[in-house]
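Observations on the model geometry
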Amino acid sequence: MKLVVAIIKPFKLDEVREALTELGVTGMTVTEVKGFGRQKGQTEIYRGAEYSTNMVPKLKVEVACDTALAERVVESIQAAANTGAIGDGKIFVLDIGQAVRIRTGETDNNAL
């Protein structure tokens with residue numbers, strides 16, 4: 001099993017969700033996060049005053065899936081989240097040692 005973690009631009013969430021649904025992904029976790037990379041933050045105007053922030057709002061999308069599906073999940077997220085501009089985000093793939101469905105006690109792939 002794999003955990004695919006993607007950091008994406010917030011307005012790309014619907015496209016990413018639709019792409020994953022087409023693959024048969026039945027669930028995901030989405031968290032609002034802030035961070036920076038090569039983008040180095042952003043400049044905003046608030047009540048007429050311009051200010052800089054070094055943290056850019058992003059979304060973290062987490063998808064647990066079977067190892068055989070992980071590569072297609074990564075490809076789908078990359079295609080759906082790509083704008084071609086700096087700050088599109090990153091995708092990380094991690095191994096999952098164990099998964100348990102709390103309600104039924106099912107484990108590993110059956111729990112996904």
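Residues numbered from 1 in each chain as written. Predicted model: local features only at pLDDT ≥ 70, side-chain atom pairs only at ≥ 80, totals over all residues. Heavy atoms only, no water.

Turning to the overall build of the protein, a few remarks are in order. Helix and strand counts for the protein stand at two helices and six strands. Reading the secondary structure of the protein in the N-to-C direction produces β-α-β-β-β-β-α-β. Residue pairs in contact within the protein that sit at least 24 positions apart in sequence constitute 71% of those at least 6 positions apart. About 7,500 Å² of surface is accessible on the protein, with carbon and sulfur atoms providing 49% of the total. (Helix = DSSP H or I, 4+ residues; strand = E, 2+ residues; numbered from the N terminus. Contact = heavy atoms within 4.5 Å. Areas by Shrake-Rupley, 256 points an atom, 1.4 Å probe, with all protein chains shown as cover.)

This part is about helix α1 (residues 13-23). Those residues of α1 lying buried are Val16, Ala19 and Leu20. Taken down its axis, α1 places every buried residue within 95 degrees of arc, on the same side. Looking at the packing, one finds that the buried side of α1 touches β1 (2-8), β5 (56-65) and α2 (67-81). Of the residues flanking the end of α1, it is Gly24, one or two places downstream, whose phi is positive at about 100 degrees. (Buried < 20%, exposed > 50% of the residue type's maximum accessible area, 1.4 Å probe, protein only. Arc of directions from axis to C-beta.)

Looking now at the packing of α1 against α2. How two helices sit against one another is set out by the angle between their axes and by the gap between those axes. One can describe the packing of α1 onto α2 by two numbers: an axis separation of 8 Å at closest approach and a directional angle of 150 degrees. Comparing the axis directions of α1 and α2 gives the class roughly antiparallel. Two packed elements cross with a definite hand, and for α1 against α2 that hand is right-handed. The residues of α2 that touch α1, namely those facing Glu15, Val16, Ala19, Leu20 and Leu23, are Leu69, Arg72, Val73, Ser76, Ile77, Ala80 and Ala81. When the residues that make up the contact of α1 with α2 are grouped by side-chain class, the tally is nine nonpolar, one polar and two charged. (Axes fitted to C-alpha atoms, helices over the stretch in contact; angles between N-to-C directions. Parallel < 35°, antiparallel > 145°, perpendicular 65-115°, else oblique. Left-handed = near helix turned anticlockwise from the far one by under 90°. Nonpolar A, V, L, I, M, F, W, Y, C, P; charged D, E, K, R; others polar.)

Here the focus is the environment of Lys9. In this structure, Lys9 sits in the loop between β1 and α1. C-alpha separation for the pair Lys9 and Thr83, spaced 74 residues apart in sequence, amounts to 9.2 Å. Apart from residues no more than four positions distant in its own chain, Lys9 is found in contact with Lys58, Thr83, Ala85, Ile86, Gly87 and Asp88.

Taken in spatial order, the four strands make up an open sheet running β2-β5-β1-β6, and their pairing is antiparallel. Where the open sheet ends on each side, the last strands, each with one partner, are β2 (29-35) and β6 (90-95). Within the sheet, the average angular offset between the axes of one strand and its neighbour, ignoring direction, is 25 degrees. Relative to β6, β1 is paired through six bridges, and the arrangement is antiparallel. For Lys2, the partnering residue across the bridge sits in β6 and is Asp95. Across the face of the sheet, α2 comes into contact with β1, β5 and β6 while running at roughly 5 degrees to β1. (Pairing = 2+ DSSP bridges.)

This part is about the pattern of salt bridges. Evaluation of the coordinates by the stated rule reveals five salt bridges. Here Lys2 and Asp95 are joined by a salt bridge, their closest N and O atoms 2.4 Å apart. Here the residue Lys2 occupies a position in strand β1, and Asp95 occupies one in strand β6, the gap between them amounting to 93 residues. For Asp95, a relative accessible area of 61% translates into the label exposed. For Glu15, the salt bridge is made with Lys12, and the minimal N-O distance between the two is 3.0 Å. With relative accessibility at 37%, the residue Glu15 sits in the partly exposed group. (Salt bridge = Lys/Arg side-chain N within 4 Å of Asp/Glu carboxyl O.)

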